[in-house]
Amino acid sequence: MGVDQYIKMAEGYDGTVLIKVLQKYLPADSTVLELGIGPGKDMTILKKSYAVTGSDSSKIFLDRFMEKNPHDDLLLLDAITMETDRKFDCIYSNKVLHHLTKENLVKSFQMQKEALNPNGIAFHSLWKGSKVEEMEDLLFTYYEVDELRKITECDFDVLAIETYDEIEDDDSIYLVLRAK
Ligand SMILES: C[S@@+](CC[C@H](N)C(=O)[O-])C[C@H]1O[C@@H](n2cnc3c(N)ncnc32)[C@H](O)[C@@H]1O
């Protein structure tokens, strides 16, 4: 899928509601690494409260965002390998980790723990369900609450896992985790 198509698909959606939830767990001015900034809508909201580093595995998205935000801190980073020596108070993503296989999601959470400061928070949203499908060459892996709990609970304390509505009723899940 091309960048323009992705940006069109995301029109009308952003992480306003999710970031309000995050604020209950994460003090203002904390450092946040966002995985998969895409068009950068969430990053723009996060920047109002936090010291944000944006990342994506696609250089095209980063270059686009950089054009309008030349002073922002951006990293080319794959959510699976998380190859960075830097540490953050929080790692955030909104509808990114469903692009990983289930095996790679497990790896990603292990690597995220390494990139968090002690007691750091991971906050992610994913699509809810049990399907695995490919659309326009992109993988979409859906999860149920119990499965996400199982995947994350060895490295993190689960502070919250809730369903919410994005396009349809109860089609999404957010999770708030604290590194053990
Ligand atoms: C739905 S967009 C995220 C939109 C973003 N939350 C916003 O506010 O605009 C998903 C993004 O995840 C990125 N992505 C997909 N696989 C990734 C991976 N393995 N590591 C990092 N980013 C990835 C894509 O390049 C895309 O930019």
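Residues numbered from 1 in each chain as written. Predicted model: local features only at pLDDT ≥ 70, side-chain atom pairs only at ≥ 80, totals over all residues. Heavy atoms only, no water.

Undergrad: Would you mind going over the overall build of the protein chain in detail, with residue names and values included?
TA: A tally of helices and strands in the protein chain yields six helices and nine strands. Scaling as 2.2 N^0.38, a compact globule of 180 residues should have a C-alpha radius of gyration of about 16 Å, and the protein chain matches this with 15 Å. Overall, the C-alpha framework of the protein chain stretches about 40 × 35 × 30 Å when taken along its three principal axes. Counting the 180 residues in the protein chain, one finds 49% classified as buried. Within the protein chain, counting contacts between residues at least 6 apart in sequence, those at least 24 apart form 60% of the total. Total accessible area computed for the protein chain in this model is approximately 9300 Å², and 49% of it derives from carbon and sulfur atoms. Averaging the coordinates of the 21 positive side-chain charges in the protein chain and doing the same for the 34 negative ones gives two points 3 Å apart. (Helix = DSSP H or I, 4+ residues; strand = E, 2+ residues; numbered from the N terminus. Rg over C-alpha atoms; globule rule 2.2 N^0.38 Å. Buried < 20%, exposed > 50% of the residue type's maximum accessible area, 1.4 Å probe, protein only. Contact = heavy atoms within 4.5 Å. Areas by Shrake-Rupley, 256 points an atom, 1.4 Å probe, with all protein chains shown as cover. Lys, Arg positive; Asp, Glu negative; His and termini not counted. Charge placed at Lys NZ, Arg CZ, Asp CG, Glu CD.)

Undergrad: Talk me through the sheet that holds strand S8 (residues 156-164); I want residue IDs and the actual numbers.
TA: The seven strands are arranged S3-S2-S1-S4-S5-S9-S8 in an open sheet whose pairing can be described as mixed. Across the chains shown, the open sheet's two edge strands, defined by having one partner strand only, are strand S3 (73-76) and S8. Between one strand axis and the next, the sheet turns through 15 degrees on average, direction left out of account. Against the sheet, helix H2 (residues 16-25) contacts strand S4 (88-94), strand S5 (116-127), S8 and strand S9 (172-179), and its axis sits at roughly 155 degrees relative to S5. Helix-sheet contacts for helix H6 (residues 145-152) involve S5, S8 and S9, and the interaxial angle to S8 is about 160 degrees. (Pairing = 2+ DSSP bridges. Axes fitted to C-alpha atoms, helices over the stretch in contact; angles between N-to-C directions.)

Undergrad: Go over the pattern of salt bridges with me, naming the residues and quoting the values.
TA: For the coordinates displayed, the defined rule picks out seven salt bridges. Between Glu-147 and Lys-102 there is a salt bridge whose closest N-O contact spans 2.9 Å. A residue pair is termed long-range when its members are at least 10 positions apart, and Glu-147 in helix H6 and Lys-102 in helix H5 (residues 102-114) qualify at 45 residues. When its relative accessible area of 28% is taken as the criterion, Glu-147 is described as partly exposed. A salt bridge links Lys-131 to Glu-133; the nearest nitrogen and oxygen atoms lie 3.9 Å apart. (Salt bridge = Lys/Arg side-chain N within 4 Å of Asp/Glu carboxyl O.)

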